[in-house]
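Residue-level structural notes
Listed below are the residues making up each chain.
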Amino acid sequence: IIERVVATIDNFPRMHVAERIRPIGRLRDDFLVDSEDDSGTYWINASNYKRYDTLVDIATNVDLRQVVEVYRRYYPLFQNAYTDLGYPDGYFNDRLVQVIDNLIETPDIRDPVALVRPHVLYEYRDPELAALSSGQKLMLRMGRAHSERIKTKLFELRSLITTM
């Protein structure tokens, strides 16, 4: 699981995170959209954000001091997994801080969020949103309220891991 966590974190600032490396699987509920007309524009359905309720509740109610203590204890395993990804001179903790900063920088957008569907998957209609990292797109998909809660927890986590 540590290898999957490290690989997923390393990939969050990139355009894609492969599903096979994620430490947790897909959400059970389907991604919900509304289509307005035949223009090819879809909108994220606001009830879609409920898919993330449990994950966000777990992430925001966890005692980060305990999480950081476990992280500190097993850091050599995290570092080895990071080295195995091809970063022999890098430090996983530095990468984790970069990823946290990337997620915190996710823009706050208002609903409704416009999408297009050029193929099987939906994409953001706004080119600036489409150019965001995979982690930032995840933050958008979970909805503004969830994103704000996660960002608050990320600020706390960043503070704790940069002073350990």
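This text follows the structure it describes.
In this text the structure is predicted, and so the values were computed from the model without any measurement.

1. Remarks on the overall build of the protein
- Secondary structure assignment for the protein yields eight helices and four strands.
- Along the protein, helices and strands appear, N-terminal first, in the series α-β-β-α-α-α-α-β-β-α-α-α.
- Against the 2.2 N^0.38 benchmark of 15 Å for 164 residues, the protein shows a C-alpha radius of gyration of 17 Å, consistent with a compact globule.
- Dimensions of the protein along its principal axes, counting C-alpha atoms only, are 55 × 30 × 25 Å.
- The buried share among the 164 residues of the protein stands at 38%.
- Summarising the internal contacts of the protein: among those between residues at least 6 apart in sequence, 65% fall at separations of at least 24.
- Surface exposure of the protein reaches about 10200 Å², of which carbon and sulfur atoms provide 52%.
- Charge separation in the protein, taken as the distance between the mean sites of 22 positive and 25 negative side-chain charges, equals 3 Å.

2. Some points on the packing of aromatic side chains
- Overall, the coordinates contain eight aromatic pairs when judged by the stated rule.
- Residues Tyr71 and Phe78 carry aromatic rings whose centres are separated by 5.2 Å and whose planes lie at 65 degrees to one another, so their mutual orientation is edge-to-face.
- On the basis of relative accessible area, Phe78 is assigned to the buried category, the value being 12%.

3. Focus: the packing of helix H4 (residues 75-84) against helix H5 (residues 92-104)
- Look at H4 against H5: their axes get within 9 Å of each other, and the N-to-C directions meet at 80 degrees. Viewed along their axes, H4 and H5 adopt a mutual orientation that is roughly perpendicular. Within the contact between the two elements, H4 uses Tyr75, Phe78, Gln79 and Tyr82 and H5 uses Phe92, Asn93 and Arg95.
- Counted by class, the contact of H4 with H5 contains four nonpolar, two polar and one charged residues.

4. What about the packing of helix H1 (residues 2-11) against H5?
- As a packed pair, H1 and H5 sit with axes 9 Å apart at the nearest point and diverge in direction by 50 degrees. Classified by the angle their axes make, H1 and H5 are oblique. Between H1 and H5 lies a crossing of left-handed hand. Every residue of H5 that contacts H1 at Val6, Ile9 and Asp10 is listed here: Phe92, Arg95, Leu96 and Val99.
- Looking at the contact of H1 with H5 residue by residue, the class counts come to five nonpolar, no polar and two charged.

5. Some points on the sheet that holds strand E2 (residues 42-44)
- On the basis of which strands lie adjacent, the open sheet formed by four strands has the order E1-E2-E3-E4 and antiparallel pairing. Because the sheet does not close on itself, it has two edges, and the strands there are strand E1 (33-35) and strand E4 (123-124).
- Note: strand E3 (residues 114-116) against E4, two bridges, orientation antiparallel. Across the sheet, residue Val116 finds its bridge partner in E4, namely Glu123.

Conventions we followed
Residues numbered from 1 in each chain as written. Predicted model: local features only at pLDDT ≥ 70, side-chain atom pairs only at ≥ 80, totals over all residues. Heavy atoms only, no water. Helix = DSSP H or I, 4+ residues; strand = E, 2+ residues; numbered from the N terminus. Rg over C-alpha atoms; globule rule 2.2 N^0.38 Å. Buried < 20%, exposed > 50% of the residue type's maximum accessible area, 1.4 Å probe, protein only. Contact = heavy atoms within 4.5 Å. Areas by Shrake-Rupley, 256 points an atom, 1.4 Å probe, with all protein chains shown as cover. Lys, Arg positive; Asp, Glu negative; His and termini not counted. Charge placed at Lys NZ, Arg CZ, Asp CG, Glu CD. Phe/Tyr/Trp six-rings, centres within 6.5 Å; stacked < 30°, edge-to-face > 60°. Axes fitted to C-alpha atoms, helices over the stretch in contact; angles between N-to-C directions. Parallel < 35°, antiparallel > 145°, perpendicular 65-115°, else oblique. Nonpolar A, V, L, I, M, F, W, Y, C, P; charged D, E, K, R; others polar. Left-handed = near helix turned anticlockwise from the far one by under 90°. Pairing = 2+ DSSP bridges.

Geometry only, nothing functional implied.
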